[in-house]
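# Reading the structure
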Amino acid sequence: MASRALVHPRTHGHAVLLVLVGAASIQFGAAFAAKLFPRVGPEGAVTLRLVIAAVVMLVVIRPSVRGLSRRDLLTVGALGAALGGMNLCFYEAIARLPLGPAVTLEFLGPLGLAVVLSRRLRDMFWIVLAALGVLMLGEGGFTGLDGAGVAFVLAAAVFWAAYIMVATRTARAFRGVDGLALAMAIAALLVLPFGVAGAGAELVRPGALGAGAVVALMSSVIPYSCEMLAMKRLSAGTFGLLASLEPAVAAVAGFVVLGQNLGLVAMGGIALVVAASAGVTVTRSADAAVGDGPPGEGRVPPVGKTAGKAPAEGLTGGLPPQP
């Protein structure tokens, strides 16, 4: 018991760090991607991002489809669809909306998921605090926004929540990031027709390919790999709460890369979001140290030695049983 108390907080801390690194990488990548829009449009930018990321991951990871069950294939297919839909809708949104308000609205997806999965009153406090910070980050930016942009970002929010749910299952069903590599390839194939229709031959010009490679690494390869590894140690509810940092990081990225100034109200929102994320991190680490918490919450059974699979009863973690 003493050894578990020493291991769990450290493991949990590493998973939290992976989420934070992923958040920073994906939001600064989105800011750089916005600079690519005048050349290839949002459809072309997301196509370059996902296609290049898929090629890199398939070459480096070399995932195998041998021995996969029908359930595994359906899971990775659903993850690919969620990735493709989330990224395409989000890029269409930030082509019409400022980055800060766009990410703030998109956060409604994981925030709603956290509310649904929460089991404790104290978690509700952190959720409310994060929600207040998200609203403050808008700083009056929600009035007069492009209607199509708002629709796209709300669709991205739904895909983001779906991504968290399916990715948690994928992370526990596949060895390493094999499932992510396969899902990235599926997402690339799904968005490719949109990119070809929107940008045409511009997609294969050296300048566009180079910029797309940078965006792919920052917005897909690095963050999704970090998140997939983190999800092996965090429940979907905990991951959703930690994702509350996304609007804050996006606001900073918008300021640094795109020159979007931050007002006092927005800075106050950032402070509340950071406080909520720090709160959930500290309380979850304390639970891990004492072995507290409901069964399956924040814990994942050891990965099996054969086929890289977790025990069947542990695949859903803290999620409701699947039909």
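Residues numbered from 1 in each chain as written. Predicted model: local features only at pLDDT ≥ 70, side-chain atom pairs only at ≥ 80, totals over all residues. Heavy atoms only, no water.

## Quick notes on the nonpolar core
Counting 79 residues, the largest nonpolar core has Leu 83, Phe 90, Tyr 91, Leu 99 and Tyr 163 as its most contacted members. It is helix α3 (residues 70-94) that contributes the most residues to this core, 11 residues altogether. (Core = buried A, V, L, I, M, F, W, Y, C linked by side-chain atoms within 4.5 Å. Buried < 20%, exposed > 50% of the residue type's maximum accessible area, 1.4 Å probe, protein only. Helix = DSSP H or I, 4+ residues; strand = E, 2+ residues; numbered from the N terminus.)

## Description of the packing of helix α4 (residues 99-106) against helix α11 (residues 245-258)
Look at α4 against α11: their axes get within 8 Å of each other, and the N-to-C directions meet at 170 degrees. In terms of orientation, α4 lies roughly antiparallel with respect to α11. For the pair formed by α4 and α11, the contact residues are Leu 99, Val 103 and Thr 104 on the first element and Glu 246, Pro 247, Ala 250, Ala 253 and Gly 254 on the second. (Axes fitted to C-alpha atoms, helices over the stretch in contact; angles between N-to-C directions. Parallel < 35°, antiparallel > 145°, perpendicular 65-115°, else oblique. Contact = heavy atoms within 4.5 Å.)

## Concerning the confidence of the model for the chain
Considering every residue of the chain, the mean pLDDT works out to 76; 77% of them sit at 70 or more. Under a pLDDT of 50 for its full length, residues 1-7 has, in the predicted model, three contacts with residues more than four places off or in other chains. Counting contacts from residues 292-323, a segment whose pLDDT is below 50, to residues more than four positions away or on other chains yields 58 contacts. (pLDDT = per-residue confidence, 0-100.)

## With respect to the pattern of salt bridges
For the coordinates displayed, the defined rule picks out two salt bridges. The partner of Arg 96 in a salt bridge is Glu 92, and the shortest N-O contact between them spans 2.9 Å. Arg 96 sits in the partly exposed class, given a relative accessible area of 37%. Across the pair Arg 205 and Glu 202 runs a salt bridge, and its minimum N-O distance is 2.9 Å. By relative accessible area, Arg 205 is classed as partly exposed at 45%. (Salt bridge = Lys/Arg side-chain N within 4 Å of Asp/Glu carboxyl O.)

## A few points about the environment of Thr 47
For Thr 47, the location among the structural elements is in helix α2 (residues 37-61). Sequence-distant contacts of Thr 47, that is, excluding residues within four places in its chain, are made with Val 191, Leu 192, Gly 195 and Leu 203. Of the polar contacts made by the side chain of Thr 47, one reaches the backbone oxygen of Glu 43; its length is 2.8 Å. (Polar contact = N/O pair within 3.5 Å; in protein donor to acceptor, adjacent residues only side chain to side chain.)

## Details of the side chain of Ser 219
Turning to its location among the elements, Ser 219 is positioned in helix α9 (residues 206-230). Among the residues examined, Ser 219 registers a relative accessible area of 0% and is labelled buried.

## Details of α11
The end-to-end C-alpha distance of α11, which contains 14 residues, comes to 19 Å, matching closely the 20 Å that a straight helix rising 1.5 Å per residue would cover. Across the 14 residues of α11, 10 count as buried, placing the element largely inside the fold. Listed in full, the buried residues belonging to α11 are Leu 245, Glu 246, Pro 247, Ala 248, Val 249, Ala 250, Ala 251, Ala 253, Gly 254 and Val 257. Immediately beyond the C-terminal end of α11, within one or two residues, lies Gly 259, with a positive phi of roughly 70 degrees. (Expected span 1.5 Å × (residues − 1).)

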